[in-house]
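Analysis of the macromolecular model
Here is what each chain is made of, one letter per residue.
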Amino acid sequence: PLPEYSPAVVVGTGYGAAVTALRLGEAGIPTLMLEMGKLWTEPGADGEVFCSMLKPDERAMWFKDRTEAPLASFLWLDLANRDIGRHAGVLDRVSFGDMAVYLGRGVGGGSLVNGAMAVTPERSYFEEILPRVDAGEMYGKYFPRANAALGVNVVDPAWFETCRSYQYARVSRKAARKAGFGTVFVPSVYDMDYLRREEAGEVPRSADASEVIYGNNHGKRSLDKSYLAAALGTGKVTIGTLREVREILRQPDGTYTLVVREIDEHGTVLGTHHVSTKYLFLGAGSVGSTELLVRARDTGRLPALGEAVGQGWGTNGNVMCGRANHVWDTTGSLQSGMPALGIDNRSDPVHPAFAEIAPVPAGLETWVSLYLAITKNPERGHFTYDAASDSARLHWAASQGQPSIDAAKALFDKVNRANRTIYRYDLFGDTRVFENRFTYHPLGGLVLGEATDDHGRVKGYRNLYVTDGSLIPGSTGVNPFVTITALAERNIERVLAEDVRG
Ligand code: FDA
């Protein structure tokens, strides 16, 4: 059962939430985390906690009848997706018309399902997106702190050159080089030594066994193994699972009361509870935290919330595409699900892009080179509250994705020309070459310095904070979780010193 009162409450258990809970716990403050997903520790009938992409089952997705993998088709056949039972699975795909957002559900949030790529943005890019944040402090203190606590490591370059797991990356690197593009190793929170032993047959396979977006049974340092384990280790932090925060009420004495809905793994509502707190931290992610505040504003619960709530949302310029390789350029049937290399075109003055070389974990040769490009798309969407469905609605039009396509096209047209190769037309359900109707990297909605002050304090309300990806104005230029983590480290340090201890 949930306590009726906790001095601090953190909503969600993703990156921003986990950092915040750890630092609150270390400061001796009893902290309750509320997570709508489940705790992923119980093995299923097959003895595994998570299912693979090749055999998805009810564990794969958050209350869906069928899986919704981003590679919708192969030779236009719907080979990737399967009918499944409705269950509190680990990956959600929230559909908003022209844009769908993939999200992790469970203790650890996005860290359970993501590709583990742990990239610190270029300093100049960071200074551009968050000019009011002291970059010297970020790069001197908080990025190193985040990288250390997350357990970031890099693939051994010598092993990379000879292993089977990254043949697909070497093939893509060769093609990129031929077109004059450089590549960089992508740091990871997947244990690269574990991966080496997977390939050698010394340990159970995970990244090498098509375990990616529905969770990894081994090898990945997800938050439950890093920040959240440390937070629980303080003895001050507890986590309530399958508990969704629905409403935030403010009491006359300035404390907050949360309306929390409890469900079971099948989605049956078990009850509604009230939990009160003095310090309330929103770490429900860009979509989750923004929804809570647009709902609170527009239902009159927190009427002093301003116009900036719900604004400044972006896709981090995500766009996916595939190239068809020549028959002699095989990518291999064994592919690490965790990318290790990116094509670096960030210095392009017109179309900067960072294209991670993604696996096609099909377990057989596909001759496809796949990419998830992160581009500098200046378009922004916004959220409004929809009373009929009691949920937030994202406003994003298909045309707003065009700058992402233009940047990816500038890069891969050159790669194709230099290699005499073509795009794949059969991967995304129809004949489109570039898929940008989804994002893995939702950012913004409660932008730092706009909906909040410069340290994540929500404008208009004392002791109410935002800690997650909704603070970042739509783009980081690279994969975002290291930035989210480092920013949360920075903000909680200030909030602890001035608001909680002070
Ligand atoms: P995050 O989304 O992690 O956590 C929010 C948590 O709050 C979730 O657990 C959710 O269930 C919970 N929640 C939401 N609403 C709630 C409510 N009302 N009540 C209770 N709980 C609630 N990034 C990267 O840097 N490198 C990578 O390789 C990848 N790859 C990747 C692959 C895939 C498939 C996805 C979906 C995403 C990625 N990402 C990524 C993105 C990365 O995972 C993402 O940016 C972070 O997880 C966001 O962290 P946050 O702290 O913002 O929230």
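Per-chain numbering applies: the sequence of each chain, read as written, is numbered from 1 onward. With pLDDT at 70 or above as the cut-off, local features in this predicted model cover only qualifying residues; side-chain atom pairs require 80 or more to be listed or tallied, and sums for whole chains, interfaces and linings still use all residues. Neither water nor hydrogens contribute to the side-chain values; these are computed over all heavy atoms in the structure.

**Here's the deal with the packing of helix H5 (residues 167-178) against helix H9 (residues 402-419)**
The axes are straight lines fitted to the C-alpha atoms, using for helices just the contacting stretch, and the angles between their N-to-C directions are given from 0 to 180°. Starting at the N terminus, helices and strands are each numbered in turn, a helix being any DSSP run of H or I of at least four residues and a strand any DSSP run of E of at least two. At a minimum axis separation of 8 Å, H5 and H9 run at an interaxial angle of 90 degrees. Classed by the angle they form, the pair H5 and H9 counts as roughly perpendicular. Counted together, Ala175, Ala176 and Lys178 of H5 and Val415, Ala418 and Asn419 of H9 form the full contact between these two elements. Under the convention adopted here, Pro, Cys and the residues Ala, Val, Leu, Ile, Met, Phe, Trp and Tyr are nonpolar, Asp, Glu, Lys and Arg are charged, and Gly plus all remaining residues are polar. Among the residues making up the contact of H5 with H9, the classes are represented as 4 nonpolar, 1 polar and 1 charged. Between 65 and 115 degrees an angle is taken as roughly perpendicular, under 35 as roughly parallel, over 145 as roughly antiparallel, and anywhere else as oblique. Only heavy atoms matter for contacts: two residues are in contact if any of them lie within 4.5 Å across the pair.

**Some thoughts on the packing of helix H1 (residues 15-26) against helix H10 (residues 481-500)**
Each pair of packed helices can be described by the angle between their axes along with the distance between the axes. Close contact between H1 and H10 brings their axes to 8 Å; oriented N to C, the two are set at 35 degrees. Read as a crossing pair, H1 and H10 show a hand that is right-handed. Taken together, the residues of H10 that come into contact with H1 (itself represented by Tyr15, Gly16, Val19, Thr20, Arg23 and Leu24) are Phe481, Ile484, Thr485, Ala488, Glu489, Ile492 and Leu496. Within the contact of H1 with H10, the residues separate by chemical class into 8 nonpolar, 3 polar and 2 charged. Handedness of a helix crossing follows the sense of rotation of the near helix relative to the far helix, less than a right angle counterclockwise being left-handed and clockwise being right-handed.

**Some details on the environment of Asn345**
Relative to the helices and strands, Asn345 resides in strand S12 (residues 341-345). Contacts of Asn345, omitting those with residues within four sequence positions, involve Phe181, His351, Pro352, Ala353 and Leu411.

**Side note on the pairing of S12**
The element S12 is extensively covered by neighbouring structure, given that 4 of its 5 residues are classed as buried. Direction of pairing for strand S5 (residues 182-185) relative to S12: antiparallel, over a ladder of 4 bridges. Within the sheet, the bridge partner assigned to Gly182 lies in S12 and is Asp344. Note on classification: 1.4 Å probe, protein chains only; a residue is buried when its accessible area is under 20% of the maximum for its type, exposed when over 50%, partly exposed between these limits. The criterion for strand pairing is that DSSP finds at least two bridges linking the strands in question.

**Observations regarding the site of the ligand**
What makes a residue near a molecule or strand is one non-hydrogen atom of that residue sitting within 4 Å of it. Every one of the 36 residues lining the ligand counts as a neighbour, but Glu35, Gly110, Met117, Gly469 and Phe481 are closest to it. Nitrogen and oxygen atoms within 3.5 Å of one another constitute a polar contact, given that in protein one can donate a hydrogen and the other can accept it, and given that sequence-neighbouring residues count only through two side-chain atoms. A distance of 2.7 Å separates an oxygen atom of the ligand from a polar atom in the side chain of Glu35. Against a free-state accessible area of 1000 Å², the protein chains account for coverage of 96% of the ligand. The set of elements that each furnish at least two residues to the shell around the ligand consists of H1, strand S4 (99-104), strand S7 (243-250), helix H8 (285-298) and H10. Looking at which element gives the most residues to the shell around the ligand, the answer is S7, with 3 residues. Note on areas: Shrake-Rupley, 1.4 Å probe, and residue coverage restricted to the protein chains presented here.

**Overview of the nonpolar core**
In this text, buried Ala, Val, Leu, Ile, Met, Phe, Trp, Tyr and Cys residues form a nonpolar core when linked through side-chain atoms within 4.5 Å. Judged by nonpolar contacts, the single largest core of 148 residues is most densely connected at Tyr166, Leu293 and Phe412. Of all the elements, H10 adds the most residues to this core, at 10 residues. Dropping the residues within four chain positions of it, Phe412 is found in contact with Cys321, Arg323, Ile343, Ala355, Tyr371 and Tyr423. Of all hydrophobic cores here, the second largest spans 6 residues; its members include Met117, Val119, Val186 and Val478.

**Section: the environment of Tyr465**
Locating Tyr465 in the fold gives a position in strand S21 (residues 464-466). Tyr465 sits in the buried class, given a relative accessible area of 2%. Separated by 162 residues in the primary sequence, Tyr465 and Pro303 place their C-alpha atoms 16 Å from one another. Setting aside anything within four residues of it in sequence, one finds Tyr465 in contact with Tyr279, Leu280, Phe281, Leu282, Gly456, Arg457, Val458, Val495 and Asp499. In terms of polar contacts, Tyr465 uses its side chain to reach the side chain of Asp499, at 2.7 Å.

**Points about the packing of aromatic side chains**
Pairing of aromatic side chains requires ring centres within 6.5 Å, counting the rings of Phe and Tyr and the six-membered ring of Trp. Pairs whose planes differ by under 30 degrees are stacked, by over 60 edge-to-face, and all others tilted. Here the structure, examined in full by the defined rule, presents 19 aromatic pairs. Joined through ring pairs, the aromatic side chains of Trp159, Phe160, Tyr166, Tyr168 and Phe185 make up one cluster. Note on geometry: a ring has a charge over it if NZ (lysine) or CZ (arginine) is within 6 Å of the ring centre and within 35 degrees of the ring normal. The side chain of Lys38 reaches across the aromatic face of Trp40, ending 4.4 Å from its centre. If you follow Arg105 out to its NZ or CZ, it ends over the ring of Trp62, 5.8 Å from the centre.

Worth remembering: the numbers are spatial, not functional.
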